[in-house]
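Chain and residue survey
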Amino acid sequence: MALATTMRPLVSLALPQEGAQRLATQLLLAIAGTLLLTLSAKTKVVLGPVDISMQTLAVLLIATAFGLRLGVATLLLYMAEGAMGFPVFQSTPEKGIGIAYMIGGTGGYLAGFVVMAAIVGWAADRSWDRHPIKLFNAMLVAEIVMMVMGFAWLATLIGAEKAWQFGVLPFVLGDLIKVALAAPWGRGLGALRPTPP
């Protein structure tokens, strides 16, 4: 029983055990998550030559609280909203909407958000959110994977040199700061779970 308690994300404590009520609660949480992602995408901080959104911070915290399954489902719902033309992404509707926007320069980063949620959600499911170093490492790996995916896609569109110059370098410091912020906050979320007997 103790193992079962520690192998679940924080959000599982708020979910009904079974049936339609559980599904409805998960759906409401996923929708709330997409609203947080949208708000974080539109929140920009000027750090150096580029504006940095708070979106990766939101992805990391949602994945920590929701775990692998609900975290990834939330990100997929967010992508579906964007694909349907809702202006949920950072530069929508100014720079386009829907699938056309998603396959543009940010496409790899958007796909990377889903993988990022999977990595951190997997870690949270294994109670890494109770261990600050483990959680930080999982978040850092997730961040690197997302940046590699974004860089790889952008490089196919504008070339590797420009992709590195415009799609990676300006964001390294900001993303490291967000991981450094997310890890202790995620650790705080993990501490809310009861300690197993």
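Scroll up for the structure.
Remember, it's a predicted structure, so these values are computed and weren't measured experimentally. (Residues numbered from 1 in each chain as written. Predicted model: local features only at pLDDT ≥ 70, side-chain atom pairs only at ≥ 80, totals over all residues. Heavy atoms only, no water.)

Focus on the packing of helix H5 (residues 107-125) against helix H6 (residues 132-158)
Geometry of a packed helix pair, given as the angle between the helix axes and the separation of the axes. The condition that has to hold: Simply put, an axis is a line fit to the C-alpha atoms, just over the touching stretch for a helix, and the angle between two N-to-C directions goes from 0 to 180 degrees. Helix numbering and strand numbering both begin at the N terminus, where a helix is a DSSP run of H or I of at least 4 residues and a strand a DSSP run of E of at least 2. For classification, angles of less than 35 degrees are called roughly parallel, those exceeding 145 degrees roughly antiparallel, those between 65 and 115 degrees roughly perpendicular, and all remaining angles oblique. Note on convention: the crossing is left-handed when the near helix lies turned anticlockwise from the far helix by less than a right angle, right-handed when the turn is clockwise. Each residue is assigned to one class: nonpolar for Ala, Val, Leu, Ile, Met, Phe, Trp, Tyr, Cys and Pro, charged for Asp, Glu, Lys and Arg, and polar for all the others, Gly among them.
For the pair H5 and H6, interaxial distance at closest approach is 8 Å and the crossing angle is 160°. The orientation of H5 with respect to H6, classified from their angle, is roughly antiparallel. In terms of crossing hand, the pair formed by H5 and H6 is right-handed. Residue composition of the contact of H5 with H6, by class: 19 nonpolar, four polar and one charged.

Here's the deal with the nonpolar core
We count it as follows: What is meant by a nonpolar core is a set of buried Ala, Val, Leu, Ile, Met, Phe, Trp, Tyr and Cys residues, joined one to another through side-chain atoms within 4.5 Å. Any residue under 20% of the maximum accessible area for its type is buried, any over 50% is exposed, and the rest in between are partly exposed; the area is computed with a 1.4 Å probe on protein chains only. Residue contacts are defined here by distance: any two heavy atoms, one from each residue, within 4.5 Å place the two residues in contact.
By size, the foremost hydrophobic cluster in this structure holds 41 residues, and its most contacted members are Leu75, Met79, Phe89, Phe113 and Met139. Breaking this core down by element, the ones donating at least two residues are helix H2 (19-42), helix H3 (55-83), helix H4 (98-102), H5, H6 and helix H8 (172-191). Apart from residues no more than four positions distant in its own chain, Leu75 is found in contact with Leu37, Val59, Phe113, Val114 and Ala117.

Observations concerning the packing of aromatic side chains
Note the following rule: Put simply, two rings from Phe, Tyr or Trp (the six-membered ring, in Trp's case) pair if the centres are within 6.5 Å, and we call them stacked under 30 degrees between planes, edge-to-face over 60, tilted for the rest.
All chains considered together, the criterion is met by four aromatic pairs. On the basis of an interplanar angle of 15° and a centroid distance of 5.6 Å, the ring pair of Phe89 and Tyr101 is categorised as stacked. Taken as a pair, Phe89 in the loop between H3 and H4 and Tyr101 in helix H4 lie far apart in primary sequence, 12 residues in all. This pair shows no difference in class: Phe89 is buried, exactly as Tyr101 is. Relative to Trp164, the ring of Phe151 lies with its centre 6.0 Å away and its plane at 90°, an arrangement referred to as edge-to-face. Highlighted residues: Phe151 in helix H6 and Trp164 in helix H7 (residues 160-167), separated in sequence by 13 residues. In this structure Phe151 comes out as partly exposed when scored by relative accessible area, which is 24%. Chaining the aromatic ring pairs together yields one cluster made of Tyr78, Phe89 and Tyr101.

A look at unusual backbone geometry
For the bond from Thr92 to Pro93, the omega torsion is 0°, close enough to zero to count as cis. Here Pro93 lies in the loop between H3 and H4. In the Ramachandran plot, Ser127 falls in the positive-phi region, its phi being about 65° despite a non-glycine side chain. Taking relative accessible area as the criterion, Ser127 reaches 7% and is therefore assigned buried.

Looking at a nonpolar patch on the surface
Which entries qualify depends on this criterion: For patch detection, residues must exceed 30% relative accessible area and be free of salt bridges, and they are connected within 9 Å for like charges or within 5 Å for nonpolar side chains (Val, Leu, Ile, Met, Phe, Trp, Tyr). The method behind every accessible area is Shrake-Rupley, applied with a 1.4 Å probe, and residues are considered shielded solely by the protein chains displayed. Any Lys or Arg side-chain nitrogen located within 4 Å of an Asp or Glu carboxyl oxygen qualifies as a salt bridge.
Together, Ile99, Ile103, Trp153, Leu157, Ile158 and Phe166 make up a nonpolar patch on the protein surface, roughly 580 Å² of accessible area in all. Per-element tally for the nonpolar patch: the top contributor is H6, with three residues. Tracing the backbone shows Ile103 in the loop between H4 and H5.

Let's talk about the environment of Ala58
Considering the arrangement of structural elements, one finds Ala58 in helix H3. Judged by relative accessible area, Ala58 falls into the buried class, the value being 6%. Along the sequence, Ala58 and Ala41 sit 17 residues apart, while their C-alpha atoms lie 8.8 Å from each other.

Structural notes on H5
In an α-helix, one turn spans 3.6 residues, which is why side chains three or four residues apart end up on the same side. Condition: To estimate the expected span of a helix, count its residues, drop one, and scale the result by 1.5 Å.
Compared with an ideal rise of 1.5 Å per residue, which puts 19 residues at 27 Å, H5 spans 27 Å between its outermost C-alpha atoms and is within 8% of the ideal. Burial of H5 is extensive: 14 of the 19 residues sit out of reach of the surface. In the stretch just after H5, Ser127 is the one whose phi turns positive, near 65°.

Details of H6
For H6, spanning 27 residues, the distance from its first C-alpha to its last is 38 Å, which sits close to the expected 39 Å at 1.5 Å a residue. Of the residues making up H6, those classed as buried are Leu135, Ala138, Met139, Ala142, Glu143, Met146, Met147, Gly150, Leu154 and Ala155. At the C-terminal side of H6, Gly159 shows a positive phi close to 95°.

Here's the deal with the environment of Ala63
Assignment of secondary structure puts Ala63 in helix H3. Ala63 sits 54 residues away from Ala117 along the chain, and the two C-alpha atoms are 5.0 Å apart. Once you skip the residues sitting within four places of it in the chain, Ala63 turns out to touch Ala117, Val120, Gly121 and Ala124.

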